Amino acid sequence: MPNIRIWDYLNLSSWKSIWSDSGFHVQRCLINQLTKSGNYHFYFTIPSDCVTEVKRAFKYPEYVTLVPLPYDTSHVTNKYHFDVNALQKHIEPYKRDYDLILNNEPALTANFLQLFNNRNPFRLPIMNYIHWIETPTITGFGDNEHGNYALWSLISGIRWSTATFCNSEYGKSIIRSFYNKILSVPEAQIVEDKLNPLYIGIDTDELDSFKPETEEQFDKPTIIFNHRVTDYTGYRDVVKVVKELEQELNFQIIFTNPSKFLGKGTVEELESAKFIHEALSYPEYVKLMYKTDICLGSHRGTNQWSIAYPEAIYCGNIPICINRAFHPELMKNNTKYLCELADFKDRLRYIIENLESERKKARHLKSFIYNNYSWNLRAIEWKKIIEDMVSNTEIF
């Protein structure tokens, strides 16, 4: 199906450092996969301040039109609406007969239906994608106004979309636990039917292209913590274990720390820690992953699906994942690489002490990641869904 025109809206949580924003990274990889056929054209909304950086992010820029928006008319964290009339004047130069809205912030579904469809709200299909739910949506429900408003906006966005997809079965179970509390049985069933898991992927071709020509490792076992240093990533559990082990073993841990948050003093206490305080370019980040040895899966119970793990595993890191959140679903049958929190310290000690033999045993994980999470394969499912939605919306 040629020339599918997609209006793609993304809420950048790290808009001043887009290369550390996982939502942007997911969209960039998806767009690169779909546009290489020449059959898709994306109209990608971004804050005006990001235009220069984003221009160099796409492999096939002739099929990507950037739509710069003033940030005060765009969705920002803790705000679940925008002024349709204000936004209308900014998108006037980009008005087209679009085929699909790809909306990465479901809370804004009603706004986009109004913006594009006027009096005929079901003419243009809207496909929502939930890469992650902002933590207050989960922890704040019933306790504060923001959490309640965020959740109601999310659920209504799913309800009025053509279809909504989320990052995992685990993610759907988290969302389900809330809409079953607040909706009637018939309405909950509508949301249940419209919300389905759809995995995202990693660009294995790009990871291969940035692989150093010669293998180079650090002079001691090296762990990479390639996540934000904040509560939902479970960094406190990592810090506790590392602090105990560094008294008996010679190793280091590198925090790429894209959010620049150091955990209120906790992390700086580690003698073995190194921090990367400046945002890495993506090639620099990939080259670092090829040098490190171990990646840690410590995320807690949020609706998060971190692509940082499969990227690090593909680059040769041995994973140690705490058996919670999305990790069991991510690792599938590779249960050897899951452990309970109580066993986390012993598992990490064993890997550090037996690094070479464990690295050999983990070599099969690269093909596991490719066969399950490479965009070369994941994009096939995405393309089918998009093309079905564009050609036959009544099946959704």
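Residues numbered from 1 in each chain as written. Predicted model: local features only at pLDDT ≥ 70, side-chain atom pairs only at ≥ 80, totals over all residues. Heavy atoms only, no water.

> So what about the sheet that holds strand β10 (residues 273-275)? Which residues, and what values?
As summarised here, the arrangement of the six strands in space is β10-β9-β8-β11-β12-β13, forming an open sheet in which the pairing is parallel. Either end of the sheet is taken by a strand with one partner, and the two such strands are β10 and β13 (338-339). (Pairing = 2+ DSSP bridges. Helix = DSSP H or I, 4+ residues; strand = E, 2+ residues; numbered from the N terminus.)

> How would you sum up the sheet that holds strand β1 (residues 4-9)? Please name residues and give values.
Taken in spatial order, the seven strands of this open sheet run β3-β2-β1-β4-β5-β6-β7, and their pairing is parallel. With one partner strand each, in any of the chains shown, β3 (64-69) and β7 (195-197) form the two edges of the open sheet. Neighbour-to-neighbour, the strand axes of the sheet open up by a mean angle of 25 degrees, direction not taken into account. Looking at chain direction, β1 and strand β2 (residues 40-47) are connected through five bridges and run parallel. Across the sheet, residue Trp7 finds its bridge partner in β2, namely Tyr43. Strands β5 (126-130), β6 (163-166) and β7 of the sheet are contacted by helix α7 (residues 169-182), whose axis makes an angle of about 155 degrees with β7. Across the sheet, helix α8 (residues 185-194) is in contact with β6 and β7; its angle to β7 comes to roughly 35 degrees. (Axes fitted to C-alpha atoms, helices over the stretch in contact; angles between N-to-C directions. Contact = heavy atoms within 4.5 Å.)

> Any details on the packing of aromatic side chains? Residues and values, ideally.
For the coordinates displayed, the defined rule picks out 17 aromatic pairs. Seen in terms of ring centroids, Tyr282 and Tyr285 are 6.1 Å apart; in terms of plane orientation they differ by 45 degrees. Their pairing is tilted. Here Tyr282 pairs with Tyr285, and both are found in helix α11 (residues 282-291), just three residues apart, close to one helical turn. In this pair, the class of Tyr282 matches that of Tyr285, namely buried. Each residue in the set Trp7, Tyr9, Tyr43, Tyr98, Phe112 and Phe116 is aromatic and connected to the rest through ring pairs, giving one cluster. (Phe/Tyr/Trp six-rings, centres within 6.5 Å; stacked < 30°, edge-to-face > 60°. Buried < 20%, exposed > 50% of the residue type's maximum accessible area, 1.4 Å probe, protein only.)

> Describe the nonpolar core, and please don't skip the residues or the numbers.
Ranked by size, the top nonpolar core spans 109 residues in total, and within it Phe44, Met127 and Leu348 carry the most contacts. Apart from residues lying up to four places away in sequence, Leu348 is in contact with Ile223, Val241, Val242, Leu245, Ile294, Leu296 and Ile320. Core analysis: the second largest hydrophobic core is formed by 18 residues, Leu69, Leu87, Ile91 and Leu113 among them. (Core = buried A, V, L, I, M, F, W, Y, C linked by side-chain atoms within 4.5 Å.)

> Go over α8, please, and point to the residues and values.
Looking only at α8, the buried set comprises Ala188, Val191 and Glu192. End-on, the buried residues of α8 take up no more than an arc of 105 degrees, which puts them together on one face. In α8, the exposed residues that point more than 90 degrees away from the buried face are Pro186 and Asp193. (Arc of directions from axis to C-beta.)

> Summarise the pattern of salt bridges; cite the residues concerned and give the values.
Think of it this way: side chains of opposite charge can pair up when their charged atoms draw near. According to the stated counting rule, one finds 20 salt bridges in the structure shown. For the salt bridge of Lys172 with Glu192, the shortest nitrogen-to-oxygen distance reads 3.3 Å. On the criterion of sequence distance, the pair formed by Lys172 in helix α7 and Glu192 in helix α8 is long-range, its members being 20 residues apart. We note a salt bridge from Asp237 to Arg324, for which the minimum N-O separation is 2.7 Å. Taken together, the positions of Asp237 in helix α10 (residues 235-245) and Arg324 in the loop between β12 (318-322) and α13 (327-331) put the pair 87 residues apart, joining distant regions of the chain. The exposure class of Asp237 is partly exposed, given its relative accessible area of 21%. (Salt bridge = Lys/Arg side-chain N within 4 Å of Asp/Glu carboxyl O.)

> Describe the packing of helix α16 (residues 365-373) against helix α17 (residues 375-391), and please don't skip the residues or the numbers.
Two elements in contact, α16 and α17, have axes whose closest approach is 6 Å; the angle formed by their N-to-C orientations is 20 degrees. Of the possible angle classes, the one that applies to α16 and α17 is roughly parallel. Contacts between α16 and α17 involve Tyr370, Asn371, Asn372 and Tyr373 on the former and, on the latter, Trp375, Asn376, Leu377 and Arg378. Of the residues in the contact of α16 with α17, the class split is four nonpolar, three polar and one charged. (Parallel < 35°, antiparallel > 145°, perpendicular 65-115°, else oblique. Nonpolar A, V, L, I, M, F, W, Y, C, P; charged D, E, K, R; others polar.)

> How would you explain the packing of helix α3 (residues 84-91) against helix α4 (residues 109-117) if you had to name every residue and give the values?
One can describe the packing of α3 onto α4 by two numbers: an axis separation of 10 Å at closest approach and a directional angle of 50 degrees. One element, α3, and the other, α4, form an angle in the oblique class. Like other packed secondary-structure pairs, α3 and α4 cross with a definite hand, here right-handed. Between α3 and α4, the contacting residues are Val84, Leu87, Gln88 and Ile91 on the first element and Asn111, Gln114, Leu115 and Phe116 on the second. (Left-handed = near helix turned anticlockwise from the far one by under 90°.)

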